[in-house]
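If you want the building blocks of each chain, they are given just below.
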Amino acid sequence: MCGNERVTFDRRRFLRGVAATAAGVTAIGAAGGLAPSAFADTAGSRGHGRHIPNDKIGLQLYSVRDAFMAQPEAVLRALSRAGYRKVEFAGLPGGTDPAHAPAIRAMLDKYHLVAISSHHNYSEFTDENRLKQLIEMARILGQKYIVCPGGVPDTADGFAQAGPAFNRAGEKIRAAGMKLGYHNHTGEFQGHGPDGRTFYQILLDSSDPHLLHMELDMGWSSAAGLSAQDNLDLMAANKGRMLLAHVKDLHPDGSLADLGTGIVDYKTILSGATRLGMREFIIENDDQSNPLTDSRAAHMHDYLATLKL
């Protein structure tokens with residue numbers, strides 16, 4: 001979730017999506033003749049033994065937010081020891097501004113971690129001075145992406161107007177050598193405009209694919225009722241634009257689960273995603289844990305790192 005975004009859950013649609021996957025949806029069927037993947041294939045045979053390389057796996061620090069804010073260096077050290085090589089920020093101790101970035105960058109370098117991106121509210125991308133701060137902070141941290149996870153007015157018009165606003169911000173972010181991304185929750189797929197398009201599709205249509213890329217939260221899209229096939233179709237229709245994935249899991253009742261303990265069919269979804277241009281796979285559970293006192297983050301990393309696709 002990465003903030004105060006309200007998430008609604010449609011249990012019936014979610015379970016229908018799960019049933020559709022169980023009925024025989026496959027990643028290969030979803031995308032047809034896909035190009036060979038650059039991802040690792042430990043068995044030397046397509047579709048058997050492939051896995052996501054460790055340097056493509058990250059953790060959204062919202063998953064460990066209280067511990068990170070209180071003891072940032074200890075948490076980053078623990079995550080590095082657990083096998084993580086990348087992280088995504090949802091706030092920094094002291095504040096998300098250039099003044100607090102150098103100390104965090106030093107910790108990242110010390111523990112051999114790379115910052116993928118950071119999350120910021122929509123209003124920050126429409127404020128020119130604030131956007132300059134975000135770009136400079138991201139530059140110091142070494143990010144390739146800056147992501148908006150919410151704050152767009154929850155109407156068809158709101159998402160239609162957000163497209164051009166993101167284009168303007170995306171131009172500045174691209175000029176700085178980075179990419180702007182948008183992270184979904186459930187509402188983008190559950191809300192519809194007068195013409196029947198989802199809010200998500202309205203945003204895609206109203207923005208420039210070269211200026212606004214997508215961070216697909218596959219857990220929330222599944223919670224909104226998308227089956228594994230639907231997720232793959234969405235990625236296939238926007239190949240080259242969907243570069244970041246949030247990988248979160250759900251129990252049958254819609255409550256959050258640690259990755260690998262829920263029912264989202266990640267074997268199918270991720271097998272297709274790796275062939276459709278997804279570059280980074282970021283683990284998240286909004287039901288936060290503490291890597292200084294438990295091993296939940298480590299177990300989620302190990303699940304994704306060893307999942308055969």
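A few points on the structure. Not measured: the values here are computed from a predicted model.

## Some points on the packing of helix α5 (residues 101-110) against helix α7 (residues 128-141)
Next, step 1: Interhelical geometry of α5 versus α7 gives an angle of 25 degrees and a closest axis separation of 8 Å. Looking at the two axes, α5 sits roughly parallel to α7. Between α5 and α7 lies a crossing whose hand is right-handed. Touching Ala101, Pro102, Ile104, Arg105 and Leu108 of α5 are Met137, Arg139, Ile140 and Leu141, all from α7.
Next, step 2: Its residues assigned to classes, the contact of α5 with α7 shows 7 nonpolar, no polar and 2 charged.

## Notes on the pattern of salt bridges
Next, step 1: Summed over the entire model, instances satisfying the criterion amount to 12 salt bridges.
Next, step 2: Glu280 serves as the salt-bridge partner of Lys86, at 2.8 Å between the closest nitrogen and oxygen. In this pair, Lys86 sits in strand β4 (residues 86-89) while Glu280 sits in strand β12 (residues 280-283), placing the two residues 194 residues apart along the sequence. The pair formed by Lys86 and Glu280 is uniform in burial state, with each residue classed as buried.

## Observations concerning the packing of aromatic side chains
Next, step 1: As enumerated under the stated definition, the model contains 7 aromatic pairs in all.
Next, step 2: Centroid distance Phe159 to Tyr182: 6.4 Å. Interplanar angle 85 degrees. Geometry classified as edge-to-face. Residue Phe159 is found in helix α8 (residues 156-175), and its partner Tyr182 is found in strand β7 (residues 179-183); the two are separated by 23 residues along the sequence. Take Phe159 and Tyr182: they sit in the same class, and that class is buried.
Next, step 3: Taken together, the ring pairs connect Tyr122, Phe125, Phe159, Phe166, Tyr182 and Phe199 into an aromatic cluster.
Next, step 4: One cation-aromatic arrangement involves Arg65 over Tyr62; the distance from NZ or CZ to the ring centre is 3.9 Å.

## Quick notes on the nonpolar core
Next, step 1: Tyr84, Phe89, Phe166, Met218, Met235 and Leu270 are the most contacted members of the largest nonpolar core, which totals 82 residues.
Next, step 2: Discounting residues that sit within four places of it in the chain, Tyr84 has contacts with Ile57, Gly58, Leu59, Leu79, Leu113, Ile283, Ala297, Met300 and His301.
Next, step 3: Counting 6 residues, the second largest nonpolar core, distinct from the first, contains Ile116, Tyr145, Val147 and Leu244.

## Digging into helix α10 (residues 199-206)
Next, step 1: Three or more residues of α10 are buried, namely Phe199, Tyr200, Ile202, Leu203 and Leu204.
Next, step 2: Buried-residue contacts for α10 involve α8, β7, α9 (187-190), β8 (213-217), α12 (228-237) and β9 (242-247).

## Observations concerning the environment of Ile57
Next, step 1: Counting through the fold element by element, Ile57 comes out in strand β3 (residues 57-60).
Next, step 2: Separated by 26 residues in the primary sequence, Ile57 and Gly83 place their C-alpha atoms 9.3 Å from one another.
Next, step 3: Apart from the residues within four sequence positions on either side, Ile57 is in contact with Ile52, Tyr84, Arg85, Lys86, Phe281, Ile283, His301, Leu304 and Ala305.

## Re the pairing of β12
Next, step 1: Burial along β12 is two-sided: Glu280 and Ile282 facing one way and Phe281 and Ile283 facing the other are all buried.
Next, step 2: When β3 meets β12, the two strands line up parallel, connected through 3 bridges. By the bridge assignment for β12, Leu59 is matched with Ile283.
Next, step 3: Bridging between β9 and β12 involves 4 bridges; their strand directions are parallel. Counterpart to Leu244 in the pairing with β12 is Glu280.

What counts, and at which threshold
Residues numbered from 1 in each chain as written. Predicted model: local features only at pLDDT ≥ 70, side-chain atom pairs only at ≥ 80, totals over all residues. Heavy atoms only, no water. Axes fitted to C-alpha atoms, helices over the stretch in contact; angles between N-to-C directions. Helix = DSSP H or I, 4+ residues; strand = E, 2+ residues; numbered from the N terminus. Parallel < 35°, antiparallel > 145°, perpendicular 65-115°, else oblique. Left-handed = near helix turned anticlockwise from the far one by under 90°. Contact = heavy atoms within 4.5 Å. Nonpolar A, V, L, I, M, F, W, Y, C, P; charged D, E, K, R; others polar. Salt bridge = Lys/Arg side-chain N within 4 Å of Asp/Glu carboxyl O. Buried < 20%, exposed > 50% of the residue type's maximum accessible area, 1.4 Å probe, protein only. Phe/Tyr/Trp six-rings, centres within 6.5 Å; stacked < 30°, edge-to-face > 60°. Lys NZ or Arg CZ within 6 Å of the ring centre and 35° of its normal. Core = buried A, V, L, I, M, F, W, Y, C linked by side-chain atoms within 4.5 Å. Pairing = 2+ DSSP bridges.

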